[in-house]
Amino acid sequence: MQNQWDYYSMVGFAPETHSPEELERLTITPEDTALFLDFDGTLIDIAPTPDAIRIGDDDKKLLSALSERHNGAVSIVSGRNLKDVEQYLEEFTGTVSGGHGAELRHRSVQVPCIECDLERLEHIKNVVREFAIINPQLIAEDKSFGIVLHFRQDPSLEAKVREFLTGLVEGDDEFGLQSAKLAIEIKPKCTSKADVIERIMSFDEFAGRNVLFAGDDETDEAGFAWVNERGGVSVKVGDGLTCAHYRTQSPETFKHWLWSQAGATGS
């Protein structure tokens, strides 16, 4: 538990001092609310491997209904590559961010976001891939601006993975670690979901609206903190220490709530 509290102190915001309220008690007004939705673990269930997720027709219908009700002020904010999210959500034409804010698409056009030392990043990726090869229970997930080591197949490897990745980027001015569910990622220090949400809020269809951001992971906590500071609504999907104001049990219960707010009923 001490490590969890140290993590929250390190990223610069306090952990929860009270239990989040049940999401079912919340009602929003679509006309003045902008939705920011994480992908894995929030809209869809976590799968044994990153490429094993499944998107149902109801999920696609939900996003269409939300986009219509919120007049386009709906954004997917994911740690996945932008290209991966687009592949799964081909019919979604709204705003999408990938790589924890490193990539951004708005109105079907990719928007320039960050610059980093790609040669240094490729060296890091090569070393991480080799580490995964000699540890076959690990999964190395390549990203446009980072790389992830998943230890979901053997959680006992967490300490080994953290020690290895820490040594790889220790003292690096540009790249750092991001903890996630049963995974640790190396990514540019300059990226965060908080930063990209702030940027998206400057787009016409989002500007001036209240913010609701939902996520399930440590990677979403900085976004929750940013939203909280500005009087918005933060929603934690699933268990775990959080600074979010509201909580719901699972992607299924979260989507049921979204359907209720969209004025329709999903199957």
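What this report covers is the structure whose coordinates are included nearby.

Rules used throughout
All chains use their own residue numbering, which begins from 1 and follows the written sequence. Only residues with pLDDT of 70 or above have their local features reported here, since the model is predicted, and side-chain atom pairs are shown and tallied only from 80 upward, although totals for entire chains, interfaces and linings are computed over all residues. To get the side-chain values, take all heavy atoms of the structure and skip hydrogens and water. By the criteria applied, helices consist of DSSP H or I runs no shorter than four residues and strands consist of E runs no shorter than two, each listed in order from the N terminus. Multiply 1.5 Å by the residue count of a helix minus one, and that product is the helix's expected span. A 1.4 Å probe rolled over the protein chains alone gives each residue an accessible area, and that area as a share of the maximum for its type sets the label: buried under 20%, exposed over 50%, partly exposed in between. The arc in question is formed by the directions pointing from the helix axis toward the C-beta atoms. Any two residues whose heavy atoms approach within 4.5 Å at even a single point are treated as in contact. Under the rule applied, a polar contact is a pair of N or O atoms within 3.5 Å (in protein, one hydrogen donor and one hydrogen acceptor; residues adjacent in sequence only if both atoms are side-chain atoms). Being paired, for any two strands, means DSSP has found at least two bridges between them. The salt bridge definition used is simple: a Lys or Arg side-chain nitrogen within 4 Å of an Asp or Glu carboxyl oxygen. Nonpolar core, defined: a set of buried Ala, Val, Leu, Ile, Met, Phe, Trp, Tyr and Cys residues in which side-chain atoms within 4.5 Å join the residues together. Helix axes are fitted only over the stretch in contact, all axes being lines through C-alpha atoms; the angle between N-to-C directions runs from 0 to 180 degrees.

Some points on helix α4 (residues 118-134)
Moving on, step 1. Given a rise of 1.5 Å per residue, 17 residues ought to cover 24 Å, and the 25 Å separating the end C-alpha atoms of α4 matches this to within 8%.
Moving on, step 2. Listing the buried residues of α4 in full gives L121, I124, K125, V128, F131 and A132. Along the axis of α4, the buried residues cluster in a sector spanning 125°; they form a single face. Opposite the packed face of α4, turned more than 90 degrees from it, sit the exposed residues E119, E130, I133 and I134.
Moving on, step 3. Looking at the packing, one finds that the buried side of α4 touches β7 (139-143), β8 (146-150), α5 (158-169), β9 (175-180) and β10 (183-188).
Moving on, step 4. One side-chain oxygen at the N-terminal end of α4 lies 3.2 Å from the backbone nitrogen of E119; it belongs to D117.

Thoughts on the pairing of β7
The two faces of a sheet get side chains in turn, since along a regular strand they alternate between them.
Moving on, step 1. Here β7 shows a clear split, with I139, E141 and K143 buried on one side and none of A140 and D142 buried on the other.
Moving on, step 2. Counted along the chain from β7 to the antiparallel partner β8, the turn is 2 residues long.

Some points on the environment of D117
Moving on, step 1. Here D117 shows up in the loop between β6 (109-111) and α4.
Moving on, step 2. Taking the C-alpha atoms as reference points, D117 and E174, 57 residues apart in sequence, are found 8.0 Å from one another.
Moving on, step 3. In this structure D117 touches E174 and F175, once residues within four positions along its chain are discounted.

Observations regarding the pattern of salt bridges
Moving on, step 1. Summed over all chains, the structure comprises 14 salt bridges.
Moving on, step 2. Within this structure, E122, K125, R129 and D142 form a network of salt bridges that share partners.

A short note on the nonpolar core
Looking at soluble globular proteins, one finds that nonpolar side chains tend to be buried together.
Moving on, step 1. One finds L37, I76, L212, F254 and L258 to be the most contacted residues of the largest nonpolar core, which totals 34 residues.
Moving on, step 2. Only β2 (33-37), α2 (57-69), β3 (74-77), α3 (82-88), β11 (210-215), β12 (233-237) and α8 (251-261) provide two or more residues apiece to this core.
Moving on, step 3. Non-local contacts of L258, meaning those with residues more than four positions away in its chain, are made with L35, L37, L43, L62 and L66.
Moving on, step 4. Formed by 21 residues, the second largest nonpolar core is a distinct cluster that contains V77, V111, I200 and A225.

Overview of the sheet that holds β10
Moving on, step 1. Pairing within the open sheet is antiparallel, and its 4 strands lie in the order β7-β8-β10-β9. Each end of this open sheet is capped by a strand with a single partner; those strands are β7 and β9. The sheet shows a mean angle of 20° between the axes of neighbouring strands, direction not considered.
Moving on, step 2. For β8 and β10, the ladder comprises 4 bridges, and the chain directions are antiparallel. Looking at the pairing, H150 lines up with A183 of β10.
Moving on, step 3. Contacts from α4 reach β7, β8, β9 and β10, with the element oriented near 15° to β8.

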